[in-house]
Amino acid sequence: MIEIGSYQGGSALWFADQAGLLGLGLEVLSIDIEKPVTVAHPSVTFLQGDARELGTVLTPALMNAVTRPPAVEAFLEQNAASYEIDRGLCDYFGRIVTWNVNGYLRRL
């Protein structure tokens, strides 16, 4: 999960706690001009950067490391000949800038 706007980090911690309670094994990347210094969580990484220049923070290497939701990955493994990720919808606002990372599929 990518959060833009950390402020003091409370919502990033909440997202990580909720994901942990649901057993999702989710990592939270939280971006703000100033990284919070008073909070920490093993599933949260705070990154320093400007929301108007996300390309400098969300580098291709970092974005390629972001994992797809397991359900989508499993579905595509079984149905690769019939479906693909719809990049037009998934990347409409930028590469992997959505709550539904690689979750929009298109029938071939």
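Rules of the game
- Residues numbered from 1 in each chain as written.
- Predicted model: local features only at pLDDT ≥ 70, side-chain atom pairs only at ≥ 80, totals over all residues.
- Heavy atoms only, no water.
- Core = buried A, V, L, I, M, F, W, Y, C linked by side-chain atoms within 4.5 Å.
- Buried < 20%, exposed > 50% of the residue type's maximum accessible area, 1.4 Å probe, protein only.
- Helix = DSSP H or I, 4+ residues; strand = E, 2+ residues; numbered from the N terminus.
- Contact = heavy atoms within 4.5 Å.
- Phe/Tyr/Trp six-rings, centres within 6.5 Å; stacked < 30°, edge-to-face > 60°.
- Patch = residues over 30% accessible without salt bridge, like charges linked within 9 Å, V, L, I, M, F, W, Y side chains within 5 Å.
- Areas by Shrake-Rupley, 256 points an atom, 1.4 Å probe, with all protein chains shown as cover.
- Salt bridge = Lys/Arg side-chain N within 4 Å of Asp/Glu carboxyl O.

> In this structure, what is going on with the nonpolar core? I would like to understand it.
Within soluble globular proteins, side chains that are nonpolar generally end up buried alongside one another. The biggest cluster of nonpolar side chains holds 6 residues, and these are Ala12, Leu13, Ala16, Val28, Val44 and Phe46. The set of elements that each furnish at least two residues to this core consists of α1 (10–21) and β3 (44–48). Excluding residues within four positions of it along the chain, Val44 makes contact with Ala12, Leu13, Ala16 and Val28. Listed in part, the 5 residues of the second largest apolar core include Ile31, Leu54, Val57 and Leu58.

> Where do I start with the packing of aromatic side chains in this structure?
Aromatic rings in a pair are described by how distant their centres are and how their planes are angled relative to each other. Taken as a whole, this structure holds 2 aromatic pairs when the rule is applied. When the ring of Trp14 is compared with that of Phe15, the centres are 5.6 Å apart and the planes differ by 65°; the resulting orientation is edge-to-face.

> What is the right way to read a nonpolar patch on the surface from this model?
A surface patch of nonpolar side chains, amounting to about 370 Å² of accessible area, comprises Leu21, Leu22 and Leu24. Looking at where Leu22 falls in the secondary structure, it is placed in the loop between α1 and β2 (28–32).

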